[in-house]
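Structural characterization, general
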Amino acid sequence: PQTIYLSDYKVPPYLVDHVDLRFELFENGARVHSALVVRRNPEAGAGDIPLELDGDSLVLESVGLDGVTLNEAAYENRGDKLIIASVPERFELTVVTWLEPQNNTRLEGLYKSSGMFCTQCEAEGFRCITYFPDRPDVMSRFRTRVEADKQAYPVLLSNGNDVDRGDLDDGRHFVTWEDPFPKPCYLFALVAGDLVEKRDTFTTCSGRDIDLRMYVEPRNSEKCEHAMDSLKRSMRWDEEVYGREYDLDIFMIVAVDDFNMGAMENKGLNIFNSSCVLASQDTATDLAFQRIEAIVAHEYFHNWSGNRVTCRDWFQLSLKEGFTVFRDSQFSSDMGSPTVKRIEDVALLRTAQFAEDGGPMAHPIRPASYMEISNFYTLTIYEKGAEVVRMIHTLLGPELFRKGSDLYFERHDGQAVTTDDFVKAMEDASGRDLSQFRLWYEQAGTPVLNVSDEFDAEQGVYRLTIKQAIPDTPGQTDKKPQHIPFALGLLGGKRESLPLRLQAGEQDAPTERVLELTGETEVFEFHGLDECPVPSLLRQFSAPVRVRYPWTREQLLFLMSHDPDGFNRWDAGERLAVDVIQSLVGTPKDAPVDSRLVTAYRHLVSDSSLDQALVAKMLQLPSEAYLIELAESADAPAIHDARERVLKHLAIALRDDLIACYRRNVEAGAYQVTPDQIARRSLRNTALAWLLQINDEEGRELALRQFREADNMTDRIGALRALVNSDYEADRAQVLEQFYERFKDDPQVVEQWFSVQAASDRAGQLPQIHQLLEHEAFDWKNPNKVRSVVGAFAGQNLAAFHSPDGSGYDFLADQVCRLDDSNPQIAARLVTPLTRWRRFAPAYSQRMKAALERIRDKAGLSRDVYEVVHKSLA
Ligand code: HT7
Ligand code: ZN
């Protein structure tokens, strides 16, 4: 496959001002008539340039130019390109194509899901619909007429406003949609199906009434309320915080079962994976409720950060994704607990994005090259991209950041722009120089900050030295130091926050500062101190970096209890637990566990005056995935074993406290998704999970009762998971069966049922995984099902996946090869765990590499999987 380089970017030679589409939808295929109003781009220079349109898997039926049908000699049809050697300055091009949505298993372009037609055009799916310059810097006004059988497909949707509708012969009908905003074709969408409509309205800040509509299959009609409420909250928030008002008269959301990702921000017609939009108390967990709110907001926020101002090319993907993730995380913070939201974001970043940044697919948030763009919808583009925007926010402060975003939207409305345009708007609005900061967009890899300190008791000066180093990544060595905002505080022995005097005698010094690191080594001196303080470093995780500092366990225990920064309290607890677990890896089963950890956790479990939402997070031991990420040469089963030993030790020591914590947090009253109730459910389910790890009979009784009596899915699945992960085999089989019988008609719940088993070291050994793949509810064509079994096994059941005999790796390789033919995007994502092979101890890494080689040698490998596998083996 060909590599595409950012440095080769050229403006499009032809622009398409208007697109007129007519879709004839049938059971055996679809005919697409397109009429494009094309003109030469004045910026493209002089001279003859052929017209080249992209296409993929299309049957071309006819081509016409200015009303004249062209014969085959007048154009070249290369399959992936339709080329006309010579065209006028302005012309109308008509193209008719035939496609087979019912056989489209890649889920790109136009396809069928549960009997409905739907589309996914980002990044390069529009070329699967018709021949077109499929690049985001070609922006056009779309008019779309959809025709289909009226009874089977009563709902016909596309972008914009419906301007015409009527009946046709043979029981067919049509609806015409017009989108007044020019847009790139990746934002085009169409839906046709037998769907129920849920309506609401939103009055914008300028007093316009927006028609809000959700379309779902009839069986899901009671699962829309949460998404609709989330949408209204998002619309209000974007007005209040960013001054962004919605622009069309209608905003539509559609739920589809078969979808490669979470959702898609098509203009005025957002399409969602059912699992990311449908929720009810009985079927969705707290986590799902929160995820849905965040994703609905994310897609809505794209209306400005992505649609009104879009990307010039796909190298700029983080322009819209990083900024929009930053916006949705601000929104979620405002809707719930900011500290908890920050902990969740950082845990994901440190576990998965840092691993990506240290692996063979590492790339800057603005990559310089790619083979298959679908492989670049990564945690780096999204999550690190959001962290980079967050650092700009920290450096500028909220007011100047808002000035910058206003300028960005005003300056570039209706344009396709670059990440540099974004940074320039921030610079121009704030007067700050961000030239060194731009390196965050160009250099891959997670910076490492080595921090050391000394205290000069005589002078009363505390000296902090911070050295930054950015590791080599594929194709990048000898990196330049980056501009890093580093928030910190200093604590005194009486738990007080000390003033941070950068000069001797400084008056009214703050107790928290954001230091700006720019050089390779920076030294900061804090004056007027009577004692050596305990440093609270990188508060709020003010930059996506690894901090190395020789914390003692005493210091961590102190910070865990007394740091006024809630995030750093959690962080200190996590560092302590990591240190204890790491020290036990590979030791005899009876090696002692540091009793100070028990004391600290006892305090968390039993002191109900603490912030319970934070405590719920602090009680989660570091995940196996994170422990593996931190290891130099990982032995996953040994890490699993050490973690489990610590957990069991804590559970035994805190047994009575856990029972008390459980009982204290069993609440009466109606189910609500509030931070307080979420924390209570999390605490009692953690207590249950721990009690069942030590075969506690009372814990078992509580779990069985909770499973039977729960009035919500969080508690039901919490009890199910605790029992599935326990040694109570008969209970496990029974609750799994009861759960399935009750929810077998609900695909989103069945997906949870699959993943609880696949992620479990008890219920998810390979023979059982094979049984799940044979289960009546499993469907290879549905990405959610594949993720819930194969993805959960390889991503969460780490001791089984890293079985020393290599069987887990072989299993994954088999499934990747199987999926590669039907859905290469999903296949390429599933490979990820194997790409980390260099991080594991030799006995594992050799087998992982062999599995990758087997995938590499498969005949007819897709471009998607080819890129991931070849880069991993290079
Ligand atoms: N912008 C959307 C990306 C997306 C996507 C990309 C590749 C293949 C399928 C896809 N479905 C959606 C989602 C978002 O970030 O909002
Ligand atoms: Zn997005």
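Residues numbered from 1 in each chain as written. Chains lettered and ligands numbered in written order. Predicted model: local features only at pLDDT ≥ 70, side-chain atom pairs only at ≥ 80, totals over all residues.

1. Notes on the overall build of the protein chain
Defined as follows: Only DSSP runs of H or I covering at least 4 residues are called helices, and only runs of E covering at least 2 are called strands; the numbering of each starts at the N terminus. Put simply, the radius of gyration uses C-alpha atoms, and a globule should come to 2.2 Å times the residue count raised to 0.38. Labels follow a simple rule on C-beta atoms placed from the backbone: if 20 or more others lie within 10 Å of a residue's own, it is buried; if 12 or fewer, it is exposed; otherwise it is partly exposed. Here contacts are defined at the residue level, using C-beta atoms placed from the backbone and a cut-off of 7 Å between them.
Looking only at helices and strands, the protein chain has 27 helices and 31 strands in total. Here the protein chain has a C-alpha radius of gyration of 28 Å; the compact-globule value for 874 residues is 29 Å, and the two agree. Judged by the C-alpha coordinates and their principal axes, the protein chain covers about 90 × 65 × 60 Å. Burial analysis of the protein chain (874 residues in total) assigns 49% to the buried set. Contacts in the protein chain between residues far apart in sequence, at least 24 positions, make up 70% of those at least 6 positions apart.

2. Some remarks on the site of ligand 1
Heads up, the rule is: To decide whether a residue is near a molecule or strand, its C-beta atom is placed from the backbone and checked for lying within 6 Å of it. Classification convention: Asp, Glu, Lys, Arg as charged; Ala, Val, Leu, Ile, Met, Phe, Trp, Tyr, Cys, Pro as nonpolar; all other residues, Gly among them, as polar.
The environment of ligand 1 is made up of 15 residues, and the closest members are E122, N260, M261, M264 and Y377. Residue assignment for the shell around ligand 1 shows that the elements contributing at least two residues are β20 (263-264) and α2 (286-301). Looking at the shell around ligand 1 residue by residue, the classes come out as 5 nonpolar, 6 polar and 4 charged.

3. Topic: the sheet that holds strand β28 (residues 513-517)
Going by this rule: Each pair of strands is called paired provided DSSP finds at least two bridges between the two strands. Geometry is summarised by axes, namely lines fitted to C-alpha atoms with helices restricted to the contacting stretch, and by angles between N-to-C directions that run from 0 to 180 degrees.
Pairing is antiparallel across the open sheet formed by 3 strands, whose spatial order is β28-β27-β30. Here the strands that pair on one side only, and so sit at the sheet edges, are β28 and β30 (534-537). In this sheet, adjacent strand axes meet at a mean angle of 35 degrees when their direction is disregarded. Note that strand β27 (residues 484-491) and β30 share 4 bridges and pair antiparallel. Looking at the pairing, G489 lines up with S536 of β30.

4. Examining the packing of helix α14 (residues 655-664) against helix α15 (residues 675-693)
Packed helix pairs are characterised by how far apart their axes lie and by the angle those axes make with each other. Definition in use: By the definition used in this description, the sense in which the near helix is turned from the far one sets the handedness, with an anticlockwise turn below a right angle giving left-handed and a clockwise turn giving right-handed.
Two elements in contact, α14 and α15, have axes whose closest approach is 8 Å; the angle formed by their N-to-C orientations is 145 degrees. In the packing of α14 onto α15, the handedness of the crossing is left-handed. Across from L658, C661 and Y662 in α14, the residues of α15 making contact are L683, R684, A687, L688, W690 and L691.

5. Here we look at the nonpolar core
Where a protein is soluble and globular, its nonpolar side chains tend to be buried together. The condition is simple: Here, a nonpolar core denotes buried Ala, Val, Leu, Ile, Met, Phe, Trp, Tyr and Cys residues that are linked to one another through C-beta atoms within 7 Å.
If you look at the biggest cluster of nonpolar residues, it comprises 250 residues, and the most contacted ones within it are V191, A192, V254, I271, L688, L723 and V865. Among the elements that make up this core, the one with the highest residue count is helix α5 (residues 379-412) (10 residues). The contacts of L688, once residues within four sequence positions are left out, are Y662, G699, L702, A703, Q706, G718, A719 and A722.

6. Quick notes on the environment of P474
Locating P474 in the fold gives a position in the loop between β26 (461-469) and β27. In this structure P474 comes out as partly exposed when scored by C-beta crowding, with 14 C-beta atoms within 10 Å. The contact partners of P474, leaving out residues within four places of it in the chain, are P360, A362 and K871.

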